[in-house]
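# Chains, contacts and geometry: an overview
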Protein chains: 2
Amino acid sequence: MGSVGFWLGTRRMRQLRKEELHELVTERLQRLDRRFTGGRRAIVELLIDAGHPVTIRDIGEMRPGLARSSVYRNLVDLEQAGVVRRIAVDDEFSRYELAEDLTEHHHHLLCVKCGKVIDMASPAPLERELDQAVREVSKAEGFLVASHRVDVLGVCASCRSAGYG
Amino acid sequence: MGSVGFWLGTRRMRQLRKEELHELVTERLQRLDRRFTGGRRAIVELLIDAGHPVTIRDIGEMRPGLARSSVYRNLVDLEQAGVVRRIAVDDEFSRYELAEDLTEHHHHLLCVKCGKVIDMASPAPLERELDQAVREVSKAEGFLVASHRVDVLGVCASCRSAGYG
DNA sequence: CTACTTGCAAATGCTTTGCAGGAGA
DNA sequence: TCTCCTGCAAAGCATTTGCAAGTAG
């Protein structure tokens with residue numbers, strides 16, 4: 001709801017009803033001879049509900065029924081199927097979120113104190129600049145560009161009020 | 001050397017002679033009651049010479065004399081002293097580079113096939129957009145912005161000629 | 001029925017730590 | 001000489017894998 005082009009916090013789901021999403025996920029998994037089982041469904045639902053990147057630990061706590069090893073294996077499969085995306089935050093554990101084409105292109109605010117990750121939309125002017133810059137690079141370097149990401153590092157509101165920064 | 005604002009590959013050192021750099025590093029370590037020992041010197045020199053982010057493995061191979069554990073410990077100290085910076089690349093190991101205030105503000109091209117990281121300067125218009133966007137965010141969220149980073153994901157020239165995408 | 005899945009436990013591999021001897025100032 | 005540093009080996013810990021039983025289609 002940023003006034004000038006940004007919106008923050010829980011990301012809105014692209015106009016996909018849950019049934020459509022499930023159909024889509026099922027299809028993507030089937031391409032790899034994988035099934036949309038209960039465990040995988042639980043993970044996808046959790047990611048939808050969370051609306052922001054979550055850690056394996058988060059998943060374990062919110063879905064105690066699932067074995068850790070299955071969560072790991074499922075995330076690998078879901079990532080290969082293009083359903084989820086793994087993101088790296090410095091010195092933290094891996095975090096996962098739904099793939100961008102199931103939600104919307106966005107970037108992240110990273111709290112360097114507590115590790116929280118907040119979603120953030122990207123203003124069109126910024127994206128235009130990025131695309132142009134990226135185009136130049138691909139030409140100059142022979143680098144085939146697939147995507148980009150922007151992370152803003154800082155201290156989140158709750159850590160600030162807790163005495164930091 | 002990019003023709004339109006980007007330059008690629010080995011980053012140029014800010015106008016700091018090696019002596020100055022050593023002085024600076026020594027001073028920053030001293031603030032933490034740490035010494036600029038041979039092992040730490042070796043790591044810093046290696047990072048200067050590399051001119052791009054390196055992994056712990058790289059360091060181990062290029063400086064076989066240093067014990068792994070010392071490399072880890074030294075990198076922690078050097079990072080705390082603000083001499084090096086740790087960067088996260090998806091599913092890869094940690095990589096380290098010299099802190100930006102010892103070099104120049106820049107971003108990264110990440111090869112998703114081989115994990116290579118290529119330094120890339122950022123055009124002024126892009127930085128302006130980023131700064132503006134970032135300013136909005138900080139206001140809207142109560143998020144205290146410290147810095148930002150941009151990663152471009154894709155396939156590097158050598159992986160492309162090796163048969164990928 | 002035939003593959004894919006799961007849970008459990010063991011293994012893997014990067015990273016961290018304890019400790020005793022070595023080195024910087 | 002008082003700390004900090006280093007190497008070695010052992011410990012930690014997130015992640016991966018082997019295997020036998022469960023389950024989707």
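Numbering of residues begins from 1 in every chain and follows the order in which that chain's sequence is written. Ligands are numbered from 1 and chains lettered from A, in the order in which they are written. Given that the model is predicted, a residue must reach a pLDDT of at least 70 before its local features are reported, and side-chain atom pairs must reach 80 or more before they are shown or counted; all residues, however, enter totals for whole chains, interfaces and linings. Remark: hydrogens and water are excluded; side-chain values derive from all non-hydrogen atoms of the structure.

### Topic: the interface of chain A and chain B
Contacts are assigned to residue pairs with any non-hydrogen atoms lying within 4.5 Å of each other. Between chain A and chain B, the contact holds 44 residues from the first and 44 residues from the second. A simple way to read buried area is as the amount of 1.4 Å-probe accessible surface that goes missing from two parts once joined, with both sides added. Overall, the association of chain A and chain B removes approximately 3900 Å² of surface from exposure, summing both partners, and the carbon and sulfur fraction of that is 64%. Contact with chain B buries surface across chain A, with A:F143, A:L144 and A:R149 losing the most and accounting together for 18% of the total. Salt bridge criterion: a side-chain nitrogen from Lys or Arg within 4 Å of a carboxyl oxygen from Asp or Glu. Our enumeration of links across chain A and chain B arrives at 2 salt bridges. B:D151 is the salt-bridge partner of A:R149, the closest N and O atoms lying 2.8 Å from each other.

### Some points on the sheet that holds strand β2 (residues 84–87) of chain A
Residues and elements named next belong to chain A. Spatially, β1-β3-β2 is the arrangement adopted by the 3 strands of the open sheet, whose pairing is antiparallel. Two strands close off the open sheet at either side, each with one partner strand: β1 (54–55) and β2. The angle between two axes is taken between their N-to-C directions and runs from 0 to 180 degrees, where each axis is a line fitted to C-alpha atoms and a helix contributes only its stretch in contact. Strands are runs of DSSP state E lasting at least two residues, helices are runs of H or I lasting at least four, and both sets are numbered from the N terminus onward. Against the sheet, helix α2 (residues 38–50) contacts β1, β2 and β3 (95–98), and its axis sits at roughly 85 degrees relative to β3. Strand pairing is assigned whenever DSSP identifies at least 2 bridges connecting the two strands.

### Some points on the relation of the copies chain A and chain B
A least-squares superposition brings the copies together, and it is based on the C-alpha atoms of residues with pLDDT no lower than 70 in both. Relative to chain B, chain A is turned by 180 degrees and slid 0.0 Å along the rotation axis, the superposed coordinates differing by an RMSD of 0.1 Å. Put plainly, the chains are arranged around a two-fold axis. Minimal C-alpha distance to the rotation axis in chain A is attained by A:V150, lying at 2.3 Å. Of the interface residues in chain A, 100% have counterparts in chain B that sit at the interface too, so the contact is made through matching surfaces.

### Some thoughts on the protein's contact with DNA strand D
Not every one of the 20 residues close to DNA strand D is listed here, only the nearest: A:Y72, B:T37, B:R40, B:S70 and B:R73. We call a residue near a molecule or strand as soon as one heavy atom of that residue lies within 4 Å of the molecule or strand. The sugar and phosphate moieties of DNA strand D supply 62% of its atoms located within 4 Å of the protein. Polar contacts, as counted here, are pairs of nitrogen or oxygen atoms within 3.5 Å of one another; within protein the pair requires one atom able to donate a hydrogen and one able to accept it, and residues that are adjacent in sequence qualify only if both atoms are side-chain atoms. Between a base oxygen of DNA strand D and a side-chain N or O atom of A:R73, the distance comes to 3.3 Å. Contact distances for DNA strand D include 2.7 Å between a phosphate oxygen and a side-chain N or O atom of B:S70. Mapped onto the surface near DNA strand D, the elements with two or more residues apiece are α4 (68–80) of chain A together with α2 (38–50) and α4 (68–80) of chain B. Top element by residues in the surface near DNA strand D is α4(B). It accounts for 4 residues.

### Description of helix α5 (residues 124–141) of chain B
Note: α-helices contain 3.6 residues per turn, so residues at a spacing of three or four share the same orientation. Expected helix span is computed as 1.5 Å times (number of residues minus one). Here α5(B) is 18 residues long and its end C-alpha atoms lie 26 Å apart, about the 26 Å a rise of 1.5 Å per residue gives. Only protein chains enter the accessibility calculation, which uses a 1.4 Å probe; a residue whose area is less than 20% of its type maximum is buried, one above 50% is exposed, and one in between is partly exposed. Among the residues of α5(B), those classed as buried are B:L126, B:E127, B:L130, B:A133, B:V134, B:E136 and B:V137. Buried residues along α5(B) sit in contact with β4 (107–111), β5 (117–120), α5 (124–141) and β6 (144–155) of chain A together with β4 (107–111) and β6 (144–155) of chain B. Looking one or two residues beyond α5(B), the residue adopting positive phi is B:G142, at roughly 70 degrees.

### Digging into the protein's contact with DNA strand C
Taken together, 20 residues are adjacent to DNA strand C, and A:R35, A:R40, A:S70, A:R73 and B:Y72 come closest. Within 4 Å of the protein, the contacting atoms of DNA strand C are drawn from sugar and phosphate to the extent of 60%. Between DNA strand C and A:R34, the relevant distance is 3.4 Å, taken from a phosphate oxygen to a side-chain nitrogen or oxygen of the residue. A distance of 3.3 Å separates a phosphate oxygen of DNA strand C from a polar backbone atom of A:G65. Elements with a contribution of two residues or more to the surface near DNA strand C: α2 and α4 of chain A together with α3 (56–62) and α4 of chain B. Sorting elements by how many residues they give to the surface near DNA strand C places α4(A) first, with 4 residues. All residues other than Ala, Val, Leu, Ile, Met, Phe, Trp, Tyr, Cys, Pro, Asp, Glu, Lys and Arg, Gly among them, are scored as polar; the first ten of these are nonpolar and the last four charged. Classifying every residue of the surface near DNA strand C gives 4 nonpolar, 8 polar and 8 charged.

### Observations concerning the state of the cysteines
Residues and elements named next belong to chain A. In this description, the term disulfide denotes a pair of cysteine sulfurs within 2.5 Å. The full count for this structure, using the stated rule, is 0 disulfides over all chains. No disulfide involves C114; its sulfur sits 3.6 Å from that of C111, the nearest cysteine. C156 takes part in no disulfide bond, and the closest cysteine sulfur, belonging to C111, lies 3.7 Å away.

### Some words on the pattern of salt bridges
Residues and elements named next belong to chain B. Summed over all chains, the structure comprises 16 salt bridges over all chains. E45 is the salt-bridge partner of K18, the closest N and O atoms lying 3.1 Å from each other. Taken together, the residues span a long stretch of sequence, with K18 in helix α1 (residues 18–30) and E45 in helix α2 at a distance of 27 residues. For the salt bridge of D77 with R34, the shortest nitrogen-to-oxygen distance reads 3.7 Å. In this pair, D77 is assigned in helix α4 and R34 in the loop between α1 and α2, connecting sequence segments 43 residues apart.

### Side note on unusual backbone geometry
Residue and element names in this part refer to chain A. Its identity as a non-glycine residue notwithstanding, D33 has a phi of 60 degrees, on the positive side. As for its placement among the helices and strands, D33 is situated in the loop between α1 (18–30) and α2. Note on D33: relative accessible area 68%, which makes it exposed.

### Here we look at the environment of A:L126
For A:L126, the location among the structural elements is in helix α5. Look at A:L126 and you get buried, because its relative accessible area is 3%. Excluding anything up to four places from it in sequence, A:L126 contacts B:L126, B:E129, B:L130 and B:A133.

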